[in-house]
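What the coordinates show
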Amino acid sequence: MEALVLGRPNAGKSLFLVNFAAYLGLKEIRVEVLDGEGRARHQRLSIELARRHLVSHTPYKTTALQTIHVDITTAKTAHRLTLTDTVGLTEEISGELVIRRAIAIALSRISQGPMVLHVVDASAVGYSAIETVSLVDDGIARYAGSISTYAILATKMDKESAKAGLERIRERFQGYPIIPISGITRRGFKDVKTFILRHWQ
Ligand SMILES: Nc1nc2c(ncn2[C@@H]2O[C@H](COP(=O)(O)OP(=O)(O)O)[C@@H](O)[C@H]2O)c(=O)[nH]1
Ligand SMILES: [Mg+2]
């Protein structure tokens, strides 16, 4: 089973991915990095290094697909889960070829059938009508939400402003599963695991 992690730059995709893998018991992360040319490279990283390597204050640190394999163990069996991080999706067309390519690869993956975990920064969802959820998030929900097993992960719930943001997300994305999480405190990780197992195929 594959879960594709999508969202805008800086939403919190990579931190969720690394800490969720650690939560599932992974000690070392073997990342398969697909570069802008579509070539795969393999790297072994400790959770700490992976966090430093993949998570960034500056958007676009993730310019290639990074795939992590983890096992979710239940009472009966171990399920092999592949988590794929992606470059942030934006309204503008990037001037950088490597980013345009990474976006194209991420978008084309959606139609190949993975579960889509759509990460939205709940703390950045504004109060006024103009600065609410972006068109990019609308687009991801409409497209991935119609063809994939799909959930919105409303993240950064450890931040004060995220409470109001979560309400806005609930208003805007009615009918879609919404799971409040924090990539830092790991709030909601159990719910994400339950969601993944419930839709296992
Ligand atoms: N407070 C808080 N900060 C977060 C959380 N998740 C990510 N961040 C921060 O947001 C920034 C972008 O995170 P990153 O995972 O690289 O976002 P990406 O561009 O979507 O992959 C980094 O500075 C992270 O430390 C969270 O749950 N809570
Ligand atoms: Mg990232």
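Described in the following lines is the structure provided in the data block. Small disclaimer: the values here were computed from a predicted structure and weren't measured.

Each pair of packed helices can be described by the angle between their axes along with the distance between the axes. Helix α6 (residues 189-198) packs onto helix α1 (residues 13-23) with a crossing angle of 80° between their chain directions and a minimal axis gap of 11 Å. On the basis of their axis angle, the class for α1 and α6 is roughly perpendicular. Across the interface between the two elements, Phe16, Asn19, Phe20 and Tyr23 from α1 touch Phe189, Lys190, Val192, Lys193 and Ile196 from α6.

Turning next to the packing of aromatic side chains. We describe a pair of aromatic rings using the distance from one ring centre to the other and the angle between the two ring planes. Here the structure, examined in full by the defined rule, presents seven aromatic pairs. Where tyrosine 23 meets phenylalanine 189, the ring centres are 5.6 Å apart and the plane angle is 80°; that geometry is what we call edge-to-face. Taken as a pair, tyrosine 23 in helix α1 and phenylalanine 189 in helix α6 lie far apart in primary sequence, 166 residues in all. In this structure an aromatic cluster arises from ring pairing among Phe16, Phe20, Tyr23 and Phe189.

By the bridge criterion, three bridges tie strand β2 (residues 28-34) to strand β4 (residues 65-73) in an arrangement that is antiparallel. Within β4, the position partnered with leucine 34 by the bridge is leucine 65. Pairing of β4 with strand β5 (residues 78-85), which is carried by eight bridges, proceeds in the antiparallel orientation. Along β5, the bridge assignment pairs aspartate 71 with arginine 80. Here β4 hands over to β5 after four residues, the two strands then running antiparallel side by side.

Moving on to unusual backbone geometry. The phi angle of most residues is negative, glycine excepted, and most peptide bonds adopt the trans form. We note that asparagine 10 has phi near 75°; this positive angle belongs to a residue other than glycine. Phi at arginine 186 is positive, roughly 70°, even though this residue is not glycine. Summarising the element assignment, arginine 186 is placed in the loop between β8 (178-180) and α6. Exposure remark for arginine 186: the relative accessible area of 34% places this residue in the partly exposed category.

Below, the discussion takes up the pattern of salt bridges. One pass over the structure, following the stated rule, counts nine salt bridges. Salt-bridge contacts for glutamate 167 lead to arginine 170; the nearest nitrogen and oxygen are separated by 3.6 Å. In this pair, glutamate 167 and arginine 170 both sit in helix α5 (residues 162-172), three residues apart, roughly one turn of the helix. A residue is classified by how much of its surface remains accessible, and arginine 170, at 37% relative accessible area, is partly exposed.

To continue, consider the site of ligand 1. Taken together, the neighbourhood of ligand 1 is formed by 18 residues, with Asn10, Lys13, Leu15, Asp158 and Gly183 sitting nearest. Lysine 13 has a polar side-chain atom sitting 2.7 Å from an oxygen atom of ligand 1. Protein contacts shield 88% of the accessible area of ligand 1, which totals 580 Å² for the unbound molecule. With three residues, the top contributor of residues to the shell around ligand 1 is α1. Of the residues contributing to the shell around ligand 1, the split by class is five nonpolar, eight polar and five charged.

Here alanine 50 lies in helix α2 (residues 47-54). Under the relative-accessibility criterion, alanine 50 is labelled buried at 0%. With 110 residues separating them in the primary sequence, alanine 50 and glutamate 160 have C-alpha atoms 27 Å apart. Aside from chain neighbours lying at most four places away, what touches alanine 50 is Val18, Ile29, Leu45 and Val55.

How each quantity is defined
- Residues numbered from 1 in each chain as written.
- Chains lettered and ligands numbered in written order.
- Predicted model: local features only at pLDDT ≥ 70, side-chain atom pairs only at ≥ 80, totals over all residues.
- Heavy atoms only, no water.
- Axes fitted to C-alpha atoms, helices over the stretch in contact; angles between N-to-C directions.
- Helix = DSSP H or I, 4+ residues; strand = E, 2+ residues; numbered from the N terminus.
- Parallel < 35°, antiparallel > 145°, perpendicular 65-115°, else oblique.
- Contact = heavy atoms within 4.5 Å.
- Phe/Tyr/Trp six-rings, centres within 6.5 Å; stacked < 30°, edge-to-face > 60°.
- Pairing = 2+ DSSP bridges.
- Buried < 20%, exposed > 50% of the residue type's maximum accessible area, 1.4 Å probe, protein only.
- Salt bridge = Lys/Arg side-chain N within 4 Å of Asp/Glu carboxyl O.
- Near = heavy atom within 4 Å.
- Polar contact = N/O pair within 3.5 Å; in protein donor to acceptor, adjacent residues only side chain to side chain.
- Areas by Shrake-Rupley, 256 points an atom, 1.4 Å probe, with all protein chains shown as cover.
- Nonpolar A, V, L, I, M, F, W, Y, C, P; charged D, E, K, R; others polar.

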